[in-house]
Amino acid sequence: MPLDWMMGLVGGLMIGTAAAIYLLLGGRVMGASGILGGLVDGSGRAGERLAFVAGLIAVPAVIVAVQGGAQTHLTSNVATVVAAGLLVGFGTRLANGCTSGHGVCGISRLSPRGIVATLIYLLAGAVMVVAMRGLFQ
Amino acid sequence: MRVLVSLLAGGLFGAGLLVSGMTDTRKVIGWLDIFGAWDPTLAFVMGGAIIPMFFAWRLAEARGTAPARPETRLSPDLIAGSVLFGAGWGLAGLCPGPAVASLSFGGWNGALFFASMCAGMAALPPVRKLWTGPPAHSI
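A quick note: this is a predicted structure, and the numbers were derived from the prediction, not measured.

Rules of the game
Residues numbered from 1 in each chain as written. Chains lettered and ligands numbered in written order. Predicted model: local features only at pLDDT ≥ 70, side-chain atom pairs only at ≥ 80, totals over all residues. Heavy atoms only, no water. Patch = residues over 30% accessible without salt bridge, like charges linked within 9 Å, V, L, I, M, F, W, Y side chains within 5 Å. Areas by Shrake-Rupley, 256 points an atom, 1.4 Å probe, with all protein chains shown as cover. Salt bridge = Lys/Arg side-chain N within 4 Å of Asp/Glu carboxyl O. Helix = DSSP H or I, 4+ residues; strand = E, 2+ residues; numbered from the N terminus. Buried < 20%, exposed > 50% of the residue type's maximum accessible area, 1.4 Å probe, protein only. Contact = heavy atoms within 4.5 Å. Buried area = accessible area lost by both parts, 1.4 Å probe. Polar contact = N/O pair within 3.5 Å; in protein donor to acceptor, adjacent residues only side chain to side chain. Nonpolar A, V, L, I, M, F, W, Y, C, P; charged D, E, K, R; others polar. 1 Å grid on protein atoms, 1.4 Å probe; cavity = no way out; pocket = protein on both sides within 12 Å on 5 of 7 lines; lining within 4 Å. Points joined across faces, edges and corners; volume = space filled by probe spheres on them. UniProt positions renumbered as here; feature names shortened; annotations may be inferred. Phe/Tyr/Trp six-rings, centres within 6.5 Å; stacked < 30°, edge-to-face > 60°. Axes fitted to C-alpha atoms, helices over the stretch in contact; angles between N-to-C directions. Parallel < 35°, antiparallel > 145°, perpendicular 65-115°, else oblique. Left-handed = near helix turned anticlockwise from the far one by under 90°.

Enquirer: What should I look at first to understand a nonpolar patch on the surface in this one?
Expert: Residues and elements named next belong to chain A. A cluster of nonpolar residues, Met 1, Leu 3, Met 6 and Met 7, forms a patch on the protein surface that exposes about 420 Å² of accessible area. Considering the arrangement of structural elements, one finds Leu 3 in helix α1 (residues 3-24). By relative accessible area, Leu 3 is classed as exposed at 63%.

Enquirer: Explain the pattern of salt bridges to me, please; I cannot follow it from the model alone.
Expert: When their charged atoms lie close together, side chains carrying opposite charge are able to pair. Within the structure shown, the criterion is met by ten salt bridges over all chains. A salt bridge links Lys27(B) to Asp4(A); its shortest N-O distance comes to 2.7 Å. One end of the pair, Lys27(B), is in helix α2 (residues 25-32); the other, Asp4(A), is in helix α1, on a second chain. Across the pair Asp41(A) and Arg93(A) runs a salt bridge, and its minimum N-O distance is 2.6 Å. Taken together, the positions of Asp41(A) in helix α2 (residues 32-41) and Arg93(A) in helix α4 (residues 78-94) put the pair 52 residues apart, joining distant regions of the chain. When salt bridges that share partners are traced, they join Asp4(A), Lys27(B) and Asp39(B) into one network.

Enquirer: Which parts of the structure should I look at to understand the interface of chain A and chain B?
Expert: In many analyses, interface size is given as the accessible surface area lost on bringing the parts together. In this complex, chain A contributes 98 residues to the contact, which on the side of chain B involves 104 residues. Regarding the contact of chain A and chain B, the summed buried area is about 9,000 Å², with carbon and sulfur atoms giving 78% of it. Ranking the residues of chain A by area buried against chain B places Leu94(A), Arg109(A) and Arg113(A) at the top, with a combined share of 9%. Viewed at the interface, chain B and chain A are joined by four salt bridges. For Glu61(B), the salt bridge goes to Arg109(A), with nearest N and O atoms at 3.1 Å. Across the contact surface, chain A and chain B share 19 residue pairs in polar contact (both at pLDDT 80 or more). Breaking the side of chain A that touches chain B down by element, the ones donating at least two residues are α1, α2, α3 (46-67), α4, α5 (99-108) and α6 (112-136) of chain A. Element by element, the count of residues in the side of chain A that touches chain B is highest for α1(A), at 20 residues. Taken together, the residues of the side of chain A that touches chain B break down into 61 nonpolar, 29 polar and eight charged.

Enquirer: How do you make sense of the layout of surface pockets when you look at a structure like this?
Expert: Where empty space is left in the structure can be found by rolling a water-sized probe over the atoms. The space that makes up the largest pocket amounts to roughly 690 Å³. Surrounding the largest pocket, 32 residues form its lining, Val29(A), Asn96(A), Gly101(A), Ala68(B) and Pro70(B) being those nearest its centre. Within the residue set of the lining of the largest pocket, elements represented by two or more residues are α2, α3, α5 and α6 of chain A. Tallied by class, residues from the lining of the largest pocket come to nine nonpolar, 14 polar and nine charged.

Enquirer: Would you mind showing me how to read α2(A) here?
Expert: Turn by turn, an α-helix covers 3.6 residues, leaving residues three or four places apart pointing in a common direction. Buried within α2(A) we find Ala32(A), Ser33(A), Ile35(A), Leu36(A), Gly37(A) and Gly38(A). The first or second residue beyond α2(A) is Gly42(A), which carries a positive phi of 65°.

Enquirer: Where do I start with the UniProt feature "transmembrane region" (unreviewed entry) in chain B in this structure?
Expert: Residues and elements named next belong to chain B. Sequence positions flagged by UniProt for "transmembrane region" (unreviewed entry) are, in local numbering, residues 37-57, 78-99 and 105-124. Regarding residues 37-57, the helix share stands at 81% and the strand share at 0%, and the terminal C-alpha atoms are separated by 35 Å. The straight-line gap between the two end C-alpha atoms of residues 105-124 is 28 Å; of that span, 90% is helix and 0% is strand.

Enquirer: Would you explain the packing of aromatic side chains in this entry?
Expert: The geometry of two aromatic rings is summed up by the distance between their centres and the angle between their planes. Enumeration over the complete set of coordinates arrives at eight aromatic pairs over all chains. With a centroid separation of 5.9 Å and 35° between ring planes, the pair formed by Phe52(A) and Phe13(B) is classed as tilted. You can see Phe52(A) sitting in helix α3 and its partner Phe13(B) sitting in helix α1 (residues 2-20), one on each of two chains. For Phe52(A), a relative accessible area of 1% corresponds to the buried category. An angle of 25° between the planes, with centres 5.9 Å apart, marks the rings of Phe85(B) and Trp89(B) as stacked. Note that Phe85(B) and Trp89(B) are positioned in helix α4 (residues 76-92) at a spacing of four residues, about one turn of the helix. For the pair Phe85(B) and Trp89(B), a shared accessibility class is recorded, and that class is buried. Taken together, the ring pairs connect Tyr22(A), Phe52(A) and Phe13(B) into an aromatic cluster.

Enquirer: I would appreciate a short explanation of the packing of α4(A) against helix α6 (residues 107-132) of chain B in the present structure.
Expert: Axes are the key here: two packed helices are described by the angle between their axes and the distance separating the axes. With their axes 6 Å apart at the nearest point, α4(A) and α6(B) run at an angle of 45° to one another. When the interaxial angle is binned, α4(A) and α6(B) end up oblique. Relative to α6(B), α4(A) is oriented so that their crossing is right-handed. The residue makeup of the contact of α4(A) with α6(B), split by class, is 17 nonpolar, six polar and two charged.

Put into structure tokens, the structure is as follows:
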């Protein structure tokens, strides 16, 4: 199995374990858009939400500082970055979930909403990638 | 206690996103590129993440501590929101978790994505109000 796939599996198990800790010890569904969106909307439990976001920023920051060399390869086209950010922010709030909430936590609960949302955003993403290639190549 | 659990879960989530490669937009776009040079890594990430959570749900439901589902029907909001989110995800290759996790090393464009994402989140309540319009007068 290629190393990338192995790392994907290991990282995935870590993500799932994080979600399991959040569910079993915290009693909540670990959804990145819900946790962050609650801070943006000011809808309460700010301490917990801030702690989650702090861990989510700090641990990768430390790992990258120690190991070095992480790259996001995000496009430098400002219009694309802004449009994508607005769509992701608005869309995840409207759908009440994103990759972690609907994908990881929803599918594992066999929730029809989670499964349908995941299939739809995967399809929309694939269509967008094809459309972008058609436009720019 | 809850704050500590959140910090721990957020940290482990961030490490997992970094290790799995999900903070790299090329990997995400490669996964969505089903008609091009398809990269199946994200399937391993999703599969790996679902395994512990599958058992965690069973345990939480057996203990009666599982949170109630906020909504169960497949609403138009769920479908429209997922289409918009997927379009943005395919456009830049970032979703909310990795966008936050890569803030320390994502440069100015990463910060701009994060700020735009927060603006998009903040825009939902006022836009929704426009949509539904003023409350209808009862006859």
